[in-house]
Amino acid sequence: MAIIKKLKAVKFKQNHLLGIQDLSFSEVSQILEEAKTFIKLNKSSSKKIDLLRGKTQINLFFEPSTRTQSSFELAGKRLGADVMSMNIVNSAIKKGETLIDTAMTLNAMHPDIIVVRHQDSGAPNLLSQKVNCAVINAGDGRREHPTQALLDALTIINRRGKVEGLKIAICGDILHSRVARSNIYLMNMLGAEVNVVAPITLLPHSIERLGVKAFTDMKRGLENCDIVMMLRLQNERMQGSFLPSPREYYEYFGLTPDKLAMANKDALIMHPGPMNRGVEIDTNLADDINRSVIREQVELGVAVRMACLKIFCKKNQ
Amino acid sequence: MKEKYLVNGRILDPKNKIDEIGGLIIDSKGLIKAAGKKVSNSNLPAGVEKFDLNKKVLMPGIVDMRVFVGEPGYEYKENFRTLSNAALSGGVTSVVSMPNTNPVIDNVSMVDFLKRRGRDKSRINIFPAASLTKNTDGKQMTEFGLLKRKGIVAFTDGIKTIQDPRLMSRIMSFASQSKSLIMQHAEDNILSNGGLINEGEISTRLGLQGIPSIAEKIIVERDLSFLEEYFCRYHISQISSKKTTSVIKKAKSEGKVFTSGVSINNLSLNENDIGDFKTFLKLSPPLRTEDDRLALIEGINDGTIDVIVSDHKPEDEESKRLTFSQAATGASGIETLLPLSLELFHNNSIDLMKLIAAMTYNPAKILNISKGNLDKGNDADLCIVDINKPWVVNKDGLNSKSKNTPIENRKLQGQVLQTYIKGEIVFNRID
């Protein structure tokens, strides 16, 4: 395929994509460069290539997911892989046994790549020790969601040319967010300045040690920012009360025009989805085609996942 | 049994403040007849067989106040025979067994069972603890008086904390009448709910919910307040943080009478050791920061903390090969308690006498048992230790049925050469 340019290959240290923390700058660059080539492919009339023909990709989802799962599924199919999706959300089997036992069972079927999402932090790491194929983390507990951060970076690069030198604010439920953690690592690595903005009860302990400035005043946190990343309130992960009400949250931490006015004039709005309109983001802002790149994130997500599948599938050949 | 003469050893006896080159005589009944420098080659009768210790340390057998057995109910994790072998290879001659078995040790008939099994299957001295509440449910207190009469040395819900303050006040009040020893595992359930490791940078990075150290401190503060109203024999099983250490130090300086312990794990490891989700280091209380660890060492040095325990909690591999949140809590440690403690001596953290006292005389005194010293007339429960011998921990070399050691491949310095119970050699590494 002429549309896929040959890139100078970077040697990846890891056999698996478990987190941004394990990647080097050159590995990240390689993934993003690969992804750029797939953006074009995804816009063309014939979207399917045979790069991974004969390969088997298993999507193993222990947590409900719409966009990430469909994005990975589409990515695999466009590369020509055989894709099987397994949802083990409501499995009656005892949780712990499921992961190892399922891993062993799947391994016996000789997959080339397993994409896993699990509610427990570290589950993909454990899985990667038990199988012979590549494991890609599609989100584990509150630890990492590397492909989301990579697609966010690609979106920023697509719009702004580069991440380096930008000021990025990540706002909302930082405590429960794997997206926040992966983005903190990645944006720092790519040379951005990162602010996190959250009510104090939703700021993780010692978050500054990850190389960010923490703000509980959203206006101050958004000052001169180039990118505003909003996060969803993860009510399903909350034990007990962290906030008085959605109303109070929206008042102080919802993205509204007056708060956004503190950021740079051309600041972009991002959101990993799914969005709660009127809780963390003003509905008009979410749909503002001049500011919001939320739909573009979804689009580029497929390209980034294609790049990851290609690189890590090849890596394990 | 013939009298035994051990000579030319470094005799260590914290109770009697002895640290001198000398010997020890075991009489025909297996009791200590004499110990110290007065026992030497020159004043022993000629012609008797003497065992030359070659300046190796001879000390009282270790008294480990916090050990999980597995019998009844979890025999696949550890039984009395495997526990005994593990203990003796680490110089431990007496243990307090935790009541968290299935069924729970909460009534008199269970005590009989435990004593019988312990006697038949093990060679170490088992001092059983009974639960504070029926089935460790934290609702109805157990029969302290009757259980104590049966030989229960202490009461604790083991891995659980008495959460209900009213119940705790009544337990302390009632226990005072039978002079029962109450041992609390201090952790507020609601504050620690869902928590897996220490709350801090590591928990943030690993995305694991944290257990704040205040969950421990708040229970200790509550119980110490009760102690002013209801005076009883009160012991905090194991503390893990600098904050709690300060609370205890202050209370002791104000004249409050109680004791506290710490697990060797919290003295020798910190949260950074968890690395990439090592479930063998999932412990309760959790490993905390290096700052906390140093405060605990200081606590041993200044007398804030009285006892070092192994917190030996055998878990089979299947219970540990899970995601961190699903994995079982606890580490095996009885056979490495002494060698790992000696690391604290070798790196000049704790003086040798203080270190040994925290594992012999101090626990025995708290439990009110005649162990952990070299007094004349006591059972000759001893161990001989080469405190300099280097070796590497290898799980396959361990005697415990479960291999969940938190210090696999650690290079240690100091190994037990021989262990004696009632004057008999029950473990021997000397050819």
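Structure report, in brief.

Conventions and cut-offs
- Residues numbered from 1 in each chain as written.
- Chains lettered and ligands numbered in written order.
- Predicted model: local features only at pLDDT ≥ 70, side-chain atom pairs only at ≥ 80, totals over all residues.
- Heavy atoms only, no water.
- Helix = DSSP H or I, 4+ residues; strand = E, 2+ residues; numbered from the N terminus.
- Expected span 1.5 Å × (residues − 1).
- Buried < 20%, exposed > 50% of the residue type's maximum accessible area, 1.4 Å probe, protein only.
- Phe/Tyr/Trp six-rings, centres within 6.5 Å; stacked < 30°, edge-to-face > 60°.
- Lys NZ or Arg CZ within 6 Å of the ring centre and 35° of its normal.
- Salt bridge = Lys/Arg side-chain N within 4 Å of Asp/Glu carboxyl O.
- Pairing = 2+ DSSP bridges.
- Axes fitted to C-alpha atoms, helices over the stretch in contact; angles between N-to-C directions.

## So, helix H5 (residues 146-160) of chain A
Residues and elements named next belong to chain A.
Part 1 of the argument: With 15 residues, H5 should reach 21 Å at 1.5 Å per residue; the first-to-last C-alpha distance of 21 Å fits that figure.
Part 2 of the argument: Most of H5 sits inside the fold, with 12 of its 15 residues counted as buried.
Part 3 of the argument: Where H5 is concerned, the buried positions are Pro146, Thr147, Gln148, Ala149, Leu150, Leu151, Asp152, Ala153, Leu154, Thr155, Ile156 and Ile157.
Part 4 of the argument: Positive backbone phi, approximately 90 degrees, marks glycine 161, located one or two places after H5.

## Considerations on the packing of aromatic side chains
Each pair of aromatic rings is reported with the distance of its centres and the angle of its planes.
Part 1 of the argument: Evaluated as defined, the whole model comprises 6 aromatic pairs over all chains.
Part 2 of the argument: Ring centres of phenylalanine 12 of chain A and phenylalanine 312 of chain A lie 5.3 Å apart, and the angle between their planes is 75 degrees; this geometry places the pair in the edge-to-face category. You can see phenylalanine 12 of chain A sitting in the segment before helix H1 (25-43) and its partner phenylalanine 312 of chain A sitting in helix H11 (residues 294-315), a full 300 residues away along the chain. Considered together, phenylalanine 12 of chain A and phenylalanine 312 of chain A belong to a single accessibility category, that of buried residues.
Part 3 of the argument: For the ring pair tyrosine 249 of chain A and phenylalanine 253 of chain A, a centre distance of 5.8 Å and an interplane angle of 25 degrees mean the geometry is stacked. Note that tyrosine 249 of chain A and phenylalanine 253 of chain A are positioned in helix H8 (residues 246-253) at a spacing of 4 residues, about one turn of the helix. Side by side, tyrosine 249 of chain A and phenylalanine 253 of chain A carry an identical accessibility label, which is buried.
Part 4 of the argument: The rings of Phe144, Phe155 and Phe174 of chain B are connected pair by pair, giving a single aromatic cluster.
Part 5 of the argument: A cation over an aromatic ring shows up here: lysine 252 of chain B above the ring of phenylalanine 258 of chain B, its NZ or CZ 5.7 Å from the ring centre.

## Things to note about the pattern of salt bridges
When the charged atoms of two side chains with opposite charge come close together, those side chains can pair.
Part 1 of the argument: In the structure shown here, the tally under the stated rule is 41 salt bridges over all chains.
Part 2 of the argument: The shortest N-O distance in the salt bridge between glutamate 236 of chain A and arginine 232 of chain A comes to 3.0 Å.
Part 3 of the argument: A salt bridge links glutamate 201 of chain B to arginine 205 of chain B; its shortest N-O distance comes to 3.0 Å. Here glutamate 201 of chain B and its partner arginine 205 of chain B are both found in helix H6 (residues 201-206), 4 residues apart, which amounts to about one turn of the helix.
Part 4 of the argument: Via salt bridges that share partners, Lys371, Asp379, Asp381 and Lys422 of chain B belong to a single interconnected network.

## Here's the deal with the sheet that holds strand S5 (residues 167-171) of chain A
Residue and element names in this part refer to chain A.
Part 1 of the argument: Strands sit in the order S7-S6-S5-S8-S9 across an open sheet of 5 strands; the sheet is parallel. In this open sheet, the two edge strands, each paired with only one partner strand, are strand S7 (213-215) and strand S9 (268-270). Averaged over all neighbouring strand pairs, the angle between strand axes comes to 20 degrees, with direction disregarded.
Part 2 of the argument: Note: S5 against strand S6 (residues 193-197), 5 bridges, orientation parallel.

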